[in-house]
Protein chains: 2
Amino acid sequence: MATKHVKEMDALKEHLGKHQLKLTRQRELILSAFLRQEHITAEAMYHQLAKSDPHLGLATIYRTLNLFCDAGLAQARHFGSQTKYDNVSHKGHHDHLICTGCEKIVEFENEEIERLQEEVATRHGFTIKTHRLELYGLCTRCRD
Amino acid sequence: MATKHVKEMDALKEHLGKHQLKLTRQRELILSAFLRQEHITAEAMYHQLAKSDPHLGLATIYRTLNLFCDAGLAQARHFGSQTKYDNVSHKGHHDHLICTGCEKIVEFENEEIERLQEEVATRHGFTIKTHRLELYGLCTRCRD
DNA sequence: ATTGAAATTGATAAACTGTCTCAAAATTAT
DNA sequence: ATAATTTTGAGACAGTTTATCAATTTCAAT
Ligand SMILES: [Mn+2]
Ligand SMILES: [Mn+2]
Ligand SMILES: [Zn+2]
Ligand SMILES: [Zn+2]
């Protein structure tokens, strides 16, 4: 549908325009697939897209997902040895609860923690630009 | 001096004893160098130790630092794409403030944040096993 | 619609970090 | 000292991501 993901497509176009970058078939294709995901690795996107477009190169996936990060549509998160691209196009900042049993990822946001982080930083003379908070454990189902 | 790092050396010996592992020249050497650090990568230890012992293999450094983790003397921390081994022999749990300007790392510990983390986890049915909290920003000196 | 400069792509090489392999050496219990 | 077991060092190997570069595509200006 031409009515889906218009907002994100426009955000990408705006970023492209500002940086003398071009809109390509691949970029449209990867964006549309990416927006259907919550968190995904480049490798996983590669295999998923290979079904419909077997000649899409892995390097292009990486380049494009990194472009999405620059455009503010994605955020790279280093979970273990892999980088997952977090689809942040329709949501604000958040942190993660990760089940080490089933790999489930739950997003959360806690204002009080954010406030305390600022407090800690200030106490040490730091100005926070970003942060990363990940809680690892077992979800209800995996605790059996 | 034979009087330095005796406690940690004993902790290592105890771990070795319990797991049918042997005390080697390399393990003593790497331990003594490691205990002088706060946070260090395997690669950095490799180069540092190469000055006095050019034939120490990188694999041995990795193996030994991982051994220290098992023995509770070190903790592996994945900062970006590199693993830093945190010398936790003389300190308990803590999190990190990291200056993106000069790479300075400040350790902190905030009970209130820890408590709120538990609260968030409980609310989502999770049981936390570990967590990671890193605040990235600029220290006083780099904010100029 | 054509042209042409500039950006992009895909295939693959390379970089980078960390682990594995295995013969030789070191350790430890006997 | 002997012998079983563990460890070491060198380099091969593996997993993930980036760099290279010739061919292709985009897009703004004719
Ligand atoms: Mn997320
Ligand atoms: Mn630390
Ligand atoms: Zn689970
Ligand atoms: Zn600094």
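Residues numbered from 1 in each chain as written. Chains lettered and ligands numbered in written order. Predicted model: local features only at pLDDT ≥ 70, side-chain atom pairs only at ≥ 80, totals over all residues. Heavy atoms only, no water.

Enquirer: Provide a residue-level description of the interface of chain B and chain A, including the pertinent values.
Expert: Taken residue by residue, the interface counts 35 residues in chain B and 35 residues in chain A. Roughly 3,000 Å² is buried in total at the junction of chain B and chain A, and carbon and sulfur atoms are behind 63% of that figure. When residues of chain B are sorted by the area they lose upon contact with chain A, F126(B), R132(B) and Y136(B) head the list and together hold 22% of the total. For the pair chain B and chain A, the interface holds 2 salt bridges. We note a salt bridge from E134(A) to R132(B), for which the minimum N-O separation is 3.1 Å. Summed over the shared surface of chain B and chain A, the number is 17 residue pairs in polar contact (both at pLDDT 80 or more). Of all elements in the fold, only β4 (95–99), β5 (105–108), α5 (111–123) and β6 (127–138) of chain B reach the threshold of two or more residues within the side of chain B that touches chain A. At 12 residues, β6(B) tops the list of elements feeding residues into the side of chain B that touches chain A. (Contact = heavy atoms within 4.5 Å. Buried area = accessible area lost by both parts, 1.4 Å probe. Salt bridge = Lys/Arg side-chain N within 4 Å of Asp/Glu carboxyl O. Polar contact = N/O pair within 3.5 Å; in protein donor to acceptor, adjacent residues only side chain to side chain. Helix = DSSP H or I, 4+ residues; strand = E, 2+ residues; numbered from the N terminus.)

Enquirer: Residues and numbers for the sheet that holds strand β3 (residues 82–87) of chain B, please.
Expert: All names here are of chain B. Sheet architecture is open: 3 strands sit in the order β1-β3-β2, paired in antiparallel fashion. Edge positions in the sheet fall to β1 (39–41) and β2 (74–79), since each has one partner strand and no second. The mean angle between the axes of side-by-side strands here comes to 35 degrees, regardless of whether they run parallel or antiparallel. Alignment of β1 against β3, held across 3 bridges, turns out to be antiparallel. Looking at β3, one finds that T41 is bridged to K84. In the packing of helix α3 (residues 42–50) onto the sheet, contacts are made with β1 and β3, and the angle to β1 comes to roughly 85 degrees. Where helix α4 (residues 58–70) meets the sheet, it contacts β2 and β3, and its direction lies at approximately 115 degrees from that of β2. (Pairing = 2+ DSSP bridges. Axes fitted to C-alpha atoms, helices over the stretch in contact; angles between N-to-C directions.)

Enquirer: Give a detailed account of the coordination of the zinc ion (ligand 3), specifying residues and quantitative values.
Expert: Tetrahedral metal sites with four donors have an ideal angle of 109.5 degrees; octahedral sites with six donors have ideal angles of 90 or 180 degrees. In this structure, C99(A) (SG), C102(A) (SG), C139(A) (SG) and C142(A) (SG) serve as the protein donors to the zinc ion (ligand 3), at separations of 2.2 to 2.4 Å. If you list the donors of the zinc ion (ligand 3) from N- to C-terminus, the spacing comes out as C-x2-C-x36-C-x2-C. (Donors = N, O, S within 2.8 Å, 3.2 Å for Na, K, Ca; no water.)

Enquirer: Can you lay out the relation of the copies chain B and chain A for me, pointing to particular residues and giving the numbers?
Expert: When chain B is fitted onto chain A, the two copies agree to an RMSD of 0.3 Å after a turn of 178 degrees and an axial shift of 0.0 Å. Taken together, these values place the two copies in the relation of a two-fold axis. Within chain B, L133(B) has its C-alpha nearest the rotation axis, a separation of 2.2 Å. Both copies contact each other with a shared surface, as 100% of the interface residues of chain B are interface residues in chain A too. (Least-squares fit on C-alpha atoms with pLDDT ≥ 70 in both.)

Enquirer: Can you tell me about the environment of L67(B), naming the residues and giving the values?
Expert: Residues and elements named next belong to chain B. Along the polypeptide, L67 turns up in helix α4. Along the backbone, L67 and E103 are 36 residues apart, and their C-alpha atoms lie at a distance of 26 Å. Beyond its immediate stretch of four places on either side in the chain, L67 contacts L12, H15, L16, L21 and R27.

Enquirer: Run through the protein's contact with DNA strand D, naming residues and quoting values.
Expert: By nearness alone, 22 residues border DNA strand D, and Y62(A), T83(A), K22(B), R27(B) and T60(B) come closest of all. Sugar and phosphate atoms represent 77% of those atoms of DNA strand D found within 4 Å of the protein. Within the side chain of T83(A), a nitrogen or oxygen atom sits 2.5 Å from a phosphate oxygen of DNA strand D. Within the side chain of R27(B), an N or O atom sits 2.6 Å from a phosphate oxygen of DNA strand D. Considering each element in turn, the surface near DNA strand D owes the most residues, 5 residues, to helix α4 (residues 58–70) of chain A. Across the surface near DNA strand D, the residue classes break down as 7 nonpolar, 10 polar and 5 charged. (Near = heavy atom within 4 Å. Nonpolar A, V, L, I, M, F, W, Y, C, P; charged D, E, K, R; others polar.)

Enquirer: Explain the side chain of E114(B) to me, using residue names and the numbers behind them.
Expert: Residues and elements named next belong to chain B. On the secondary structure map, E114 appears in helix α5. Among buried Asp, Glu, Lys and Arg side chains, E114 stands out as unpaired, with R77 the closest opposite charge at 8.8 Å. Excluding anything up to four places from it in sequence, E114 contacts H93, D95, E109 and H131. (Buried < 20%, exposed > 50% of the residue type's maximum accessible area, 1.4 Å probe, protein only. Lys, Arg positive; Asp, Glu negative; His and termini not counted.)

In short, the description is geometric, and any link to function would need to be established separately.
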